[in-house]
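# What the coordinates show
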Amino acid sequence: MASRKPTEDNKTGTEVRDLLRAVYVGDFQSAKMALEAGTPVDVTDPETGLCSFHIAIGTDNLFLAKYLREQWHAAVFPDARGRLPTVIAAQCRTSEAMNEYVLEVELKALGLE
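With that settled, consider helix 6 (residues 96–109). Compared with the 20 Å implied by 1.5 Å per residue over 14 residues, the 20 Å span of helix 6 between its first and last C-alpha is a close match. Tucked into the core, helix 6 has its buried residues touching helix 3 (52–58), helix 4 (62–72) and helix 5 (85–91). Positive phi appears at G111, one or two residues downstream of helix 6, with a value of about 75°.

If you walk through the whole model with that rule in mind, you get 3 salt bridges. For R21, the salt bridge identified is with D18, shortest N-O distance 3.3 Å. In this pair, R21 and D18 both sit in helix 1 (residues 13–25), 3 residues apart, roughly one turn of the helix. For R21, a relative accessible area of 47% corresponds to the partly exposed category. Salt-bridge contacts for E104 lead to K108; the nearest nitrogen and oxygen are separated by 3.4 Å. Linking E104 with K108, this pair stays in helix 6, spanning 4 residues, or about one helical turn.

Okay, the side chain of R83 next. With respect to the secondary-structure elements, R83 resides in the loop between helix 4 and helix 5. Side-chain polar atoms of R83 contact the side chain of Q91, separated by 2.7 Å. In contact with R83, not counting residues within four places along its chain, are L50, F77, P78, I88 and Q91.

How each quantity is defined
- Residues numbered from 1 in each chain as written.
- Predicted model: local features only at pLDDT ≥ 70, side-chain atom pairs only at ≥ 80, totals over all residues.
- Heavy atoms only, no water.
- Helix = DSSP H or I, 4+ residues; strand = E, 2+ residues; numbered from the N terminus.
- Expected span 1.5 Å × (residues − 1).
- Contact = heavy atoms within 4.5 Å.
- Salt bridge = Lys/Arg side-chain N within 4 Å of Asp/Glu carboxyl O.
- Buried < 20%, exposed > 50% of the residue type's maximum accessible area, 1.4 Å probe, protein only.
- Polar contact = N/O pair within 3.5 Å; in protein donor to acceptor, adjacent residues only side chain to side chain.

Have a look at this one:
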């Protein structure tokens, strides 16, 4: 896979939770502030194994998913359960627009575009 592994968390648990919570509830401004403050985009929640990109996909927030991937270069990697973003999208029954975007991103990351 042509993506990088999730970054190691060098921020406090609170900062990581703030980013992940902001993405979960669709709070763009809070997510942006957390990223600008240095919270790594690819850091994963130790309990769920999900990163911000996974959460944006699962909550069907195309705007945030694109922002995380295109502005912050969120990596494409499986969650702690081994699910790639396309599987997360399918299991969460996301919109057709999200499905198409995630498929395109994943194919590019795998070098299959």
